[in-house]
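Coordinates in review
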Amino acid sequence: MEPVLIMGGSGQAGAGAAAVLRRWHPELPLTLAGRDLDRARKVADGLGAATAVTIDLRRDDLGLPEDGKYSAVVAAVWDSHLNGLRYAQGHGLPYLSISNGLVDLAPEVFAVAQRASAPVLLASHSFAGLAVLAALDAARRFERIDTIRITLILDELDAGGPAAVADLDRLMAATSAGLVRRDGVFAWVDGEEARVEVATEDGVVLPGQTIAIPDVPSVALATGAPNVRFDFAVGESAGRRGGGPASVEVRIDLEGTGPGGTPLGVSRRLAHPEGQRPLTALGIALGVERLLGEPVAPGVHAPEALLDPVLAVERMVDAGTVLTDT
C-alpha cells in the first residue's frame, strides 16, 4: 500500500493520529507533511515506517514530488486554499479534513459537488466525529428521541498547538451565533439566547455558549430528534482542579421514549484525563482506517455515515476514555 499523506503530520492532531494508526496497523506507511521538515522528520523517525516531506498549502501540487504516490490525504491542519482537497480529487484519493467550522464548510461541499472523483470525509466535528458517534451509540436504546443536548468542556490550557489555537480563533470569529434544531427547524441563536451555564463533573459551573458546529445537523438528522443543541465552555477542567493534567469532558443528554413508549432519559458522560488530543487523534484514525477499508463511494460523507458507533465507543474506552451512563 502507498503511504497515507498527513498534512500537519507533526502537529498535535496529525502526530497523534499517526501514532494511533501505527499502533493499529504497524505496516501502514505514513508520510508526515509540514512546513518544518526537521520537526516532521523527528516525528516520523519515532514512528517507524514513516517519512517526512514539506508542503506548501498555497500550491496546487502542495510542493510535493511529481512522482509521489499516496493512498489517502488527511488534512490535520486547515486546508486554507483547499489545495489538499484538490490534490486528492486530482489523484482519486480519499480525503479527510477536520478544521472547518459549520459556517465555512460550504467551499468544501461545493468543491466535491463539482467534482465527485473521490470519497471526502468531512470530520470537522468535535473530536473528528467521536461525540456524534457516542451520542448515536446511546441513542440505540430509544424508540423515539425528542431532545439531545451535547456539552463540551475544554480546559483553557488544552486548546492544542498553534494551528489549533488559530483554528479556534477563526471559527469563533466567523459567527457568535449558535445553530440549534428547535421543533424540527434549524435556527440560529445569539446573544442571551446563546449563553448557557455548564457544570463540570465535579460540580463547578462555567459560563458557556451554544455554538455552530457540524455535530448539530449530524446528530439531528441521524436520530430524527427535533430538538438538538451543542454547548461549549472553556475553563479549568476537573482534572486540573484535582491536581492532574488538563482533562476534557463531554456530556450527552437524551430524552424521548424507550420500547413500548415509556419515557426515557439518558445522560452519558465522557471524560479523558489527558485532554482533547487523544480523542481528536482517535477520531481521525478511525476515519482513515474506514477510508482505507471497504470501498467508499466518491462524494461527501459524514463520520456517522461511515463509522460504527459501537466500535467507536469501544475504541474510545480502549484509549483511556472514562464513560458513564445515568
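About the cut-offs
- Residues numbered from 1 in each chain as written.
- Predicted model: local features only at pLDDT ≥ 70, side-chain atom pairs only at ≥ 80, totals over all residues.
- Heavy atoms only, no water.
- Axes fitted to C-alpha atoms, helices over the stretch in contact; angles between N-to-C directions.
- Helix = DSSP H or I, 4+ residues; strand = E, 2+ residues; numbered from the N terminus.
- Parallel < 35°, antiparallel > 145°, perpendicular 65-115°, else oblique.
- Left-handed = near helix turned anticlockwise from the far one by under 90°.
- Contact = heavy atoms within 4.5 Å.
- Nonpolar A, V, L, I, M, F, W, Y, C, P; charged D, E, K, R; others polar.
- Core = buried A, V, L, I, M, F, W, Y, C linked by side-chain atoms within 4.5 Å.
- Buried < 20%, exposed > 50% of the residue type's maximum accessible area, 1.4 Å probe, protein only.
- Pairing = 2+ DSSP bridges.
- Polar contact = N/O pair within 3.5 Å; in protein donor to acceptor, adjacent residues only side chain to side chain.
- Salt bridge = Lys/Arg side-chain N within 4 Å of Asp/Glu carboxyl O.

Concerning the packing of helix α1 (residues 12-24) against helix α9 (residues 276-291)
- Put simply, α1 and α9 touch, their axes get as near as 8 Å, and they point 60 degrees apart. Judged by the inter-axis angle, α1 sits oblique to α9. For the pair α1 and α9, the crossing hand works out as right-handed. Contacts from Gln 12, Ala 13, Ala 15, Gly 16, Ala 17, Val 20, Leu 21 and Trp 24 of α1 reach α9 at Gln 276, Arg 277, Thr 280, Ala 281, Leu 282, Ile 284, Ala 285, Leu 286, Val 288 and Glu 289.
- A breakdown of the residues in the contact of α1 with α9 according to their chemical character gives 12 nonpolar, four polar and two charged.

Considerations on the packing of α9 against helix α11 (residues 309-318)
- It is the contact of α9 with α11, at a shortest axis distance of 11 Å, that shows an interaxial angle of 140 degrees. Classed by the angle they form, the pair α9 and α11 counts as oblique. Considering the relative orientation of α9 and α11, their crossing is right-handed. The residues of α11 that touch α9, namely those facing Leu 279, Leu 282, Leu 286 and Glu 289, are Ala 312, Arg 315 and Met 316.
- Here the contact of α9 with α11 is built from residues that sort into five nonpolar, no polar and two charged.

Some words on the nonpolar core
- Ranked by size, the top nonpolar core spans 91 residues in total, and within it Leu 30, Leu 96, Leu 130, Ile 148, Ile 252, Leu 254 and Ile 284 carry the most contacts.
- Beyond its immediate chain neighbours, meaning those up to four positions away, Ile 284 contacts Ala 13, Ala 17, Val 74, Leu 96, Ile 98 and Ala 128.

Regarding the pairing of strand β11 (residues 205-210)
- Side chains Leu 206, Gly 208 and Thr 210 project from β11 onto a buried face, and the interleaved Val 205, Pro 207 and Gln 209 project onto a face without burial.
- One ladder, built from five bridges, connects strand β10 (residues 195-199) with β11; its direction is antiparallel. Across the sheet, Arg 195 pairs through a bridge with Gln 209, a residue of β11.
- Counting the residues in the hairpin turn of β10 and β11 gives five residues, including Gly 203, whose phi is positive at 90 degrees.

Focus: helix α3 (residues 83-90)
- Counting buried positions along α3 gives six out of eight residues, so the element sits mostly inside the fold.
- Every buried residue of α3 is listed here: Asn 83, Gly 84, Leu 85, Tyr 87, Ala 88 and Gln 89.
- Among the structural elements, β1 (4-7), β4 (72-75), β5 (95-97), α4 (106-114) and β6 (119-122) are those in contact with the buried residues of α3.
- Phi for Gly 92, located one or two positions after α3, is positive at around 65 degrees.

Notes on unusual backbone geometry
- In this structure, Ala 49 takes a positive phi of about 50 degrees despite not being glycine.
- Its location among the elements puts Ala 49 in the loop between α2 (37-47) and β3 (50-54).
- Positive phi, normally seen in glycine, also occurs at Phe 127, with a value near 55 degrees.
- Residue Phe 127 is classed as buried on the basis of its relative accessible area of 7%.

Re the side chain of Thr 321
- The residue Thr 321 is located in the loop between α11 and β16 (322-325) in this model.
- A polar contact of 2.8 Å, which involves the side chain of Thr 321, links it to the backbone oxygen of Met 316.
- Other than its neighbours up to four places away in sequence, Thr 321 contacts Leu 270, Ala 271, His 272, Leu 279 and Met 316.

With respect to the environment of His 125
- Residue placement: His 125 occurs in the loop between β6 and α5 (130-139).
- For His 125, a relative accessible area of 8% puts it in the buried group.
- Between the C-alpha atoms of His 125 and Asn 100, which are 25 residues apart in sequence, the distance is 8.6 Å.
- The residues contacting His 125, other than those within four sequence positions of it, are Val 132, Pro 214, Asp 215, Ser 218, Pro 303 and Glu 304.
- At 2.8 Å, the side chain of His 125 and the side chain of Ser 218 are in polar contact.

Quick notes on the environment of Ser 218
- Structurally, the position occupied by Ser 218 is in helix α7 (residues 215-223).
- Distance from Ser 218 to Leu 64, taken between C-alpha atoms, is 34 Å for residues 154 residues apart in sequence.
- Every residue in contact with Ser 218, bar those within four places of it in the chain, is listed here: His 125, Val 132, Ala 302 and Glu 304.

Some details on the environment of Ala 238
- The residue Ala 238 is located in helix α8 (residues 238-241) in this model.
- Each C-alpha atom, one on Ala 238 and one on Val 109, is 38 Å from the other, the two residues being 129 residues apart in sequence.
- Residues within four places of Ala 238 in sequence aside, it is in contact with Glu 201, Asp 202, Ser 247 and Glu 249.

Considering the pattern of salt bridges
- Summed over all chains, the structure comprises 17 salt bridges.
- Arg 141 is the partner of Asp 325 in a salt bridge, and the nearest nitrogen-oxygen pair spans 3.1 Å. Here Asp 325 is found in strand β16, whereas its partner Arg 141 is found in the loop between α5 and β7 (144-155), with 184 residues between them in sequence.
- Put simply, Glu 193 and Arg 182 hold a salt bridge, and the shortest N to O gap is 2.7 Å. Taken together, the residues Glu 193 in the loop between β9 (185-189) and β10 and Arg 182 in strand β8 (residues 178-182) connect sequence positions 11 residues apart.
- Residue class for Arg 182 comes out partly exposed when judged on its relative accessible area of 38%.
- Connected through salt bridges with shared partners, the residues Asp 137, Arg 140, Arg 141, Arg 268 and Asp 325 form a single ionic network.

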